[in-house]
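# Chain and residue survey
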Amino acid sequence: MTVNPFTITTPQIAASILSSNFAKLGSEIDEVLAGGADFLHLDVMDGHFVPNISFGPPIIKAARPVTQAFFDTHLMITDPARYAEAMVNAGAQNLTFQVETTNDPATTARQIKKLGCRVGIVLNPATPAERIYPALEVVDLVLVMSVVPGFGGQKFMPEVLPKAREIKKRLGKHQRLEMDGGLHAETIRQAADAGVDWFVVGSGIFDHPDRAAAIAELRRQIGA
């Protein structure tokens, strides 16, 4: 049975499969979930909004029968509304779009939400928090990027922490604050102190030979 992380108020760790070994994706997913990850984070990149291409609906669809874990899907693509339905049909349960891709984020959020999934909004490190405020009443989640999106394994940018704190003050009890980028055992505490609820971790989990130990240390750092 899928556990919906929106129903949980304690800190949640999402394993980003972008850092996994795709040659054995099924076993990689099983290992990190058995090791204590709460759900999975899927990074969809189009080579246009970001200078890299990752995967799209076919990989999501292939991964869906492998696990009942919640699929938190970050759309780093130029036209999120156009491809949202294909993502949901493939198995995505939350779609988070970049505010930089639209002049009307509230309308984009409503279009995605009509598909029956949760919806989130993302802002890049250089994007001011004010850009997302018109959509705050519509979205379930705000994702603050702590690296410039496009590639895994980047260094955490602590300068986004004040922005995260400011956004957190504006969120309702039903909404979640997520952070993604450079989070590992040495940086995750800073995100927790800024009020982050969901922590996206890629190389900080998958680059360790003992994934369970890596996740346990992440939990220890955030008191979860």
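The structure reproduced in this document is the subject of the present report. (Residues numbered from 1 in each chain as written. Predicted model: local features only at pLDDT ≥ 70, side-chain atom pairs only at ≥ 80, totals over all residues. Heavy atoms only, no water.)

### Digging into the overall build of the chain
Counted only if it meets this: Only DSSP runs of H or I reaching four residues or more are called helices, and only runs of E reaching two or more are called strands; each is numbered from the N terminus. Computation of the radius of gyration draws on C-alpha atoms alone. For the globule rule, the value is 2.2 Å times the number of residues to the power 0.38. For the exposure calls, accessible area comes from a 1.4 Å probe over protein chains only, and a residue counts as buried if that area is under 20% of its type's maximum, exposed if over 50%, partly exposed in between. Shrake-Rupley sampling with a 1.4 Å probe provides the accessible areas, and residues are treated as covered by the protein chains on show and by no other component.
From N to C terminus, the chain includes eight helices and eight strands. Its C-alpha radius of gyration of 16 Å places the chain within 12% of the 17 Å reference for a compact globule of 224 residues. By principal-axis analysis of the C-alpha atoms, the chain measures approximately 45 × 35 × 35 Å. Expressed as a percentage of its 224 residues, the buried residues of the chain come to 55%. Total accessible area on the chain stands at roughly 9,600 Å², and carbon and sulfur atoms take up 52% of it.

### A word on the sheet that holds strand S1 (residues 12-16)
The strands making up a sheet associate through hydrogen bonds between their backbones, and the pairing can be parallel or antiparallel. Rules: Following DSSP output, two strands are said to pair if at least two bridges run between them. Axis definition: a line fit to C-alpha positions, over the contact stretch in the case of helices; interaxial angles, taken between N-to-C directions, run 0 to 180 degrees. Only heavy atoms matter for contacts: two residues are in contact if any of them lie within 4.5 Å across the pair.
Judged by pairing direction, the barrel is parallel, and its eight strands sit side by side in the order S1-S2-S3-S4-S5-S6-S7-S8 before closing back on the first. In this sheet, adjacent strand axes meet at a mean angle of 25° when their direction is disregarded. Across four bridges, S1 lies against strand S8 (residues 198-201) in parallel orientation. Directly across from Ala-15, in S8, lies its bridge partner Val-201. Its contacts with the sheet place helix H5 (residues 161-170) against strand S5 (118-123), strand S6 (141-145) and strand S7 (176-180), and it is angled at close to 165° to S7.

### Comments concerning the side chain of Thr-187
Relative to the helices and strands, Thr-187 resides in the loop between S7 and helix H6 (188-193). Judged by its relative accessible area of 9%, Thr-187 falls in the buried class. Ignoring anything within four residues of it in the chain, the contact list for Thr-187 reads Phe-156 and Gly-182.

### Brief notes about the pairing of S6
Across the five residues that make up S6, a large majority, five, are buried. Judged by which residues are buried, S6 turns out to be covered on both faces: Leu-141, Leu-143 and Met-145 on one side and Val-142 and Val-144 on the other are all buried. In this structure, S5 lies alongside S6, joined through four bridges in parallel fashion. The residue of S6 that forms the bridge with Gly-120 is Leu-141.

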